[in-house]
Amino acid sequence: MAGAMAAAAGGDSDGESEELVLTPAQLIQSLEQAWLNEKFAPELLESKPEIVECVVEQLDHMEANLKRAKKGDLKVSVHHMEIERIRFVLSSYLRCRLVKIEKFFPHILEKEKSRAEGEPSILSPEEFAFATEYMANTEAYLKNVALKHMPPNLQKVSLLKSVPKPNLDSFVFLRVLERQENILVEPETDEQREYAIDLEEGSQHLIRYRTVAPLVASGAVQLI
């Protein structure tokens, strides 16, 4: 693979975003990191539409190059396998996000509604439309199938209370990408006290997700 791709790296108060130029290898690495974090995090993470868009463009570019390659060349088979691998990772990443949206949709939409101005969205525009429609369809189904047949005082249901929240206290495995100091760890029992640990670069840990959620978001650690 050759060339470079531009991905949005963040935004400022005016809504403008900086562009970070990534090589194809760095782009695929960013996708794989986002995929693993999404796969192992108990909650829906920040949307990465710029990475998804760039990967799709890169796949189109790779497939166009394959069409121009000589038939029977061993490199064609190798590049075709790489295309299929990248396509699998991308599909798995998007599918994982949709599963979480279906599982936690009231809480995700509530979090999106209360998001501060300038704060990154956890949903892409397409995911937001899907979540909104999914919630409307769920409410309509409950009303038509069950609620309208119940006494008037029982015909309302709060999906926020009915649908379980993501379990942020579940434990996750992680690899440290950037050294971190004085990470506060909550006690496991009432007899224990809160304590601080240092996370050395390259080390691996089993730790409560809530403790490292900000580090996952910043890219300082990688879930594995």
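Residues numbered from 1 in each chain as written. Predicted model: local features only at pLDDT ≥ 70, side-chain atom pairs only at ≥ 80, totals over all residues. Heavy atoms only, no water.

**Student:** How would you summarise the overall build of the chain if you had to cite specific residues and measurements?
**Tutor:** Tallying secondary structure elements over the chain gives 6 helices and 7 strands in all. Counting helices and strands in the order they occur from the N terminus, the chain gives β-β-α-α-α-α-α-β-β-β-β-α-β. Across the 224 residues that make up the chain, the buried fraction comes to 32%. Accessible surface computed for the chain: about 14500 Å², of which carbon and sulfur atoms make up 54%. (Helix = DSSP H or I, 4+ residues; strand = E, 2+ residues; numbered from the N terminus. Buried < 20%, exposed > 50% of the residue type's maximum accessible area, 1.4 Å probe, protein only. Areas by Shrake-Rupley, 256 points an atom, 1.4 Å probe, with all protein chains shown as cover.)

**Student:** Lay out the sheet that holds strand β3 (residues 171-176) with the relevant residues and their values.
**Tutor:** With antiparallel pairing, the 3 strands of this open sheet are ordered in space as β6-β3-β7. Looking at the sheet topology across the chains shown, the edges are occupied by β6 (204-208) and β7 (221-223). On average, each strand axis in the sheet is tilted by 40° relative to the strand beside it, whichever way the strands run. In the packing of helix α1 (residues 24-40) onto the sheet, contacts are made with β3 and β7, and the angle to β7 comes to roughly 60°. The strands touched by helix α6 (residues 209-218) are β3, β6 and β7; relative to β6, the strand with the most contacts, the crossing angle is about 120°. (Pairing = 2+ DSSP bridges. Axes fitted to C-alpha atoms, helices over the stretch in contact; angles between N-to-C directions. Contact = heavy atoms within 4.5 Å.)

**Student:** Which residues make up the pattern of salt bridges, and what are the values?
**Tutor:** Enumeration over the complete set of coordinates arrives at 14 salt bridges. Measuring nitrogen to oxygen at the nearest pair gives 2.5 Å for the salt bridge that ties E32 to R85. Of the two residues, E32 sits in helix α1 while R85 sits in helix α3 (residues 74-113), which places them 53 residues apart along the sequence. By relative accessible area, E32 is classed as partly exposed at 24%. Judged by relative accessible area, R85 falls into the partly exposed class, the value being 34%. D198 serves as the salt-bridge partner of R179, at 3.9 Å between the closest nitrogen and oxygen. Highlighted residues: R179 in the loop between β3 and β4 (180-185) and D198 in strand β5 (residues 195-199), separated in sequence by 19 residues. Residue classification places D198 among the partly exposed positions, given a relative accessible area of 37%. Put simply, E38, R97, K100 and E127 are held in one network by salt bridges that share partners. (Salt bridge = Lys/Arg side-chain N within 4 Å of Asp/Glu carboxyl O.)

**Student:** Which residues make up the nonpolar core, and what are the values?
**Tutor:** In this structure, L27, L31, V55, L59, I86, L90 and Y93 are the most contacted members of the largest nonpolar core, which totals 18 residues. Elements supplying a minimum of two residues to this core: α1, α2 (49-68) and α3. Of the residues forming this core, the biggest block, 7 residues, is contributed by α2. Not counting the four nearest positions on each side in its chain, I86 is found in contact with I28, L31, V55, L59 and M62. Residues V172, V176, I207 and V216 belong to the second largest nonpolar core, which totals 17 residues. (Core = buried A, V, L, I, M, F, W, Y, C linked by side-chain atoms within 4.5 Å.)

**Student:** Lay out unusual backbone geometry with the relevant residues and their values.
**Tutor:** Phi at N182 takes a positive value of approximately 55°, unusual for a residue other than glycine. Locating N182 in the fold gives a position in strand β4.

**Student:** Kindly report on the packing of α1 against α3, identifying the contributing residues and their values.
**Tutor:** Running from N to C, α1 and α3 cross one another at 35°; their axes reach a closest spacing of 9 Å. Our pair here, α1 against α3, has a crossing hand that is left-handed. Along its contact with α1, which presents I28, L31, E32, A34, W35, E38 and K39, the element α3 presents R85, I86, F88, V89, L90, S92, Y93, C96, R97 and K100. Looking at side-chain class alone, the contact of α1 with α3 contains 10 nonpolar, 1 polar and 6 charged residues. (Left-handed = near helix turned anticlockwise from the far one by under 90°. Nonpolar A, V, L, I, M, F, W, Y, C, P; charged D, E, K, R; others polar.)

**Student:** I'd love a proper account of a nonpolar patch on the surface, names of residues and values included.
**Tutor:** Where nonpolar side chains cluster on the molecular surface, the patch consists of F171, F173 and L206 and spans about 330 Å² of accessible area. By secondary structure assignment, the location of F173 is in strand β3. (Patch = residues over 30% accessible without salt bridge, like charges linked within 9 Å, V, L, I, M, F, W, Y side chains within 5 Å.)

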